[in-house]
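Listed below are the residues making up each chain.
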Amino acid sequence: MTFRPHHRTAAFFVLAAAAAAAAASFEFLSMRRSDAVHPSGALTRSAMLSDYAPSLRDTPGDTPVYIFDSGVPGGTALVLGGTHPNESAGFIAAVLLAENVRPTRGRVIIVPQACASGFTATDPLEACPTHFTIETAGGPRRFRFGARGGNPLHQWPDPLVYRHFPSGQQLSGMESRNLNRSYPGREEGTFMERVGHAFLSLIRTENVSVAFDLHEAAPEVMIINAIITHEKGTDIAAGAVLNLEFEDLKYSLEISPKRFHGLSHREWGDSTGAVPFLMETSNPVQGRLRGVTDEALVLEGNDPFYRTAAALGTVRITYRPEGEPLSLRVARHVQGFRRLMESFNETYPDAACTFEAVPDYTEILEAGVGRYLR
Ligand SMILES: [Zn+2]
């Protein structure tokens, strides 16, 4: 066979495709490298989620659990970030808490990446970055930007209809990989049901008294800048919302619907002794109106299309004209956590859990979140 010009063209395209595939696979595999978390000096025990559910050991569902024990009897507070890995403020707020908190009474348990599987991929067709970088005093730190649900490689295929266990509630098939639809889970269930079950087991084993699940949602979602509570926590949340209002911080108070199953604020409250709260901030990266979706949007939360929509007022959105930067969203989570804990401690003095060295809203906003990452 003689070598002709069209063979050269074909060879060029084969090589170009191989180069593109190599670059893409390098980026794809880079998402399997874990993010570094440097817990504060008050860390007393580093555990893994699989310690509470051995079937998760050596699976992509396993994730670090940081335990900070004051040594003084009191309650136990649990904080989950990264239930939805594409909601970066929930993840980074949990990292910030883990890297600063010093309990003075009771214990604080922090899981920054609750849905570890979801950190290993991004959502298809969303054009999201795989990572984002936060500048800190010690240099830049790179964190993963993951997907809403678990990686399809870890639970496949999605059913046409997802039937929640044990309620039988029906949801779209892809929700079967959503950790926040998979509680209370079951030991012998699907991959995500086993992760959900592991958290219930952690809450029971560690006798958690108050629990937080940190989230974000698109600016056009109705429940935003909100505290969602199980009915057990209504008075505690109302007290916190009032105190936040005095600081000029508005959080809407939502009660978890009794018949909407699978969510942390419903199932943790129904199935364990913990009083659960879920918080949401406004994140344009998740919105349908957004334009270019890059690291800058994750960090600055400043999108021209949301700015225009806010100015026109034609869409009901929760969006500040100057943007929704990560530092502001993290500051809201941390301040919500602080005020909810104060309110919880007043209601349950025997299960009180106090701590110091956690920066407040103004400190995080003024110095930036990187100032509080080690
Ligand atoms: Zn979420």
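Residues numbered from 1 in each chain as written. Predicted model: local features only at pLDDT ≥ 70, side-chain atom pairs only at ≥ 80, totals over all residues. Heavy atoms only, no water.

A. Representation of the coordination of the zinc ion within the structure. On the protein side, the zinc ion has His84 (ND1), Glu87 (OE), Glu87 (OE) and His215 (ND1) as donor atoms, found 2.1 to 2.4 Å from it. Coordination at the zinc ion is irregular, judged from the four donor atoms that bind it and the angles of 58 to 151° they form at the metal. (Donors = N, O, S within 2.8 Å, 3.2 Å for Na, K, Ca; no water. Tetrahedral: all angles 85-135°; square planar, octahedral: opposite > 155°, others 65-115°.)

B. Local environment of the nonpolar core. Ile92, Ile110, Phe212, Ile227, Phe277, Val330 and Met341 are the most contacted members of the largest nonpolar core, which totals 58 residues. Apart from the residues within four sequence positions on either side, Phe212 is in contact with Leu78, Val79, Leu80, Trp268, Phe277, Met279, Phe337, Leu340 and Met341. (Core = buried A, V, L, I, M, F, W, Y, C linked by side-chain atoms within 4.5 Å. Buried < 20%, exposed > 50% of the residue type's maximum accessible area, 1.4 Å probe, protein only. Contact = heavy atoms within 4.5 Å.)

C. Molecular detail of the domain arrangement of the chain. We note that the domain assignment places domain 1 (1–30) and domain 2 (35–372) within the chain. Distance from the C-alpha centre of domain 1 to the C-alpha centre of domain 2: 42 Å. (Domains from an automatic or database assignment.)

D. How the structure looks around helix H8 (residues 326–347). Along its 22 residues, H8 runs 32 Å from first to last C-alpha, staying within 8% of the 32 Å computed at 1.5 Å per residue. With 19 of 22 residues buried, H8 is to be regarded as a mostly interior element. (Helix = DSSP H or I, 4+ residues; strand = E, 2+ residues; numbered from the N terminus. Expected span 1.5 Å × (residues − 1).)

E. Representation of the side chain of His164 in the model. Tracing the backbone shows His164 in the loop between strand E8 (161–163) and strand E9 (170–172). From its side chain, His164 meets the backbone nitrogen of Gly262 in a polar contact 3.5 Å long. Beyond its immediate chain neighbours, meaning those up to four positions away, His164 contacts Gln169, Arg181, Tyr183, Pro184, His261, Gly262 and Glu267. (Polar contact = N/O pair within 3.5 Å; in protein donor to acceptor, adjacent residues only side chain to side chain.)

F. Spotlight on the packing of aromatic side chains. One pass over the structure, following the stated rule, counts ten aromatic pairs. Consider the rings of Phe91 and Phe143, whose centres lie 5.7 Å apart with planes at 85°: the pair is edge-to-face. Linking Phe91 in helix H2 (residues 88–100) with Phe143 in strand E7 (residues 139–144), this pair joins segments that are 52 residues apart in sequence. Using a relative accessible area of 0% as the deciding quantity, one classes Phe143 as buried. Their ring planes at 35° and their centres at 6.0 Å tell us that Phe132 and Phe143 sit as a pair that is tilted. Taken as a pair, Phe132 in strand E6 (residues 131–136) and Phe143 in strand E7 lie far apart in primary sequence, eleven residues in all. Sitting above the plane of the Tyr251 ring, Arg332 keeps its charged end 4.1 Å from the centroid. (Phe/Tyr/Trp six-rings, centres within 6.5 Å; stacked < 30°, edge-to-face > 60°. Lys NZ or Arg CZ within 6 Å of the ring centre and 35° of its normal.)

G. Focus on the pairing of E7. In this sheet, E7 lies alongside E6 in antiparallel orientation, the contact comprising six bridges. Residue Phe132 lies in a different strand from E7, and its bridge partner there is Phe143. Linking E6 to E7, which pair antiparallel, is a turn of two residues. (Pairing = 2+ DSSP bridges.)

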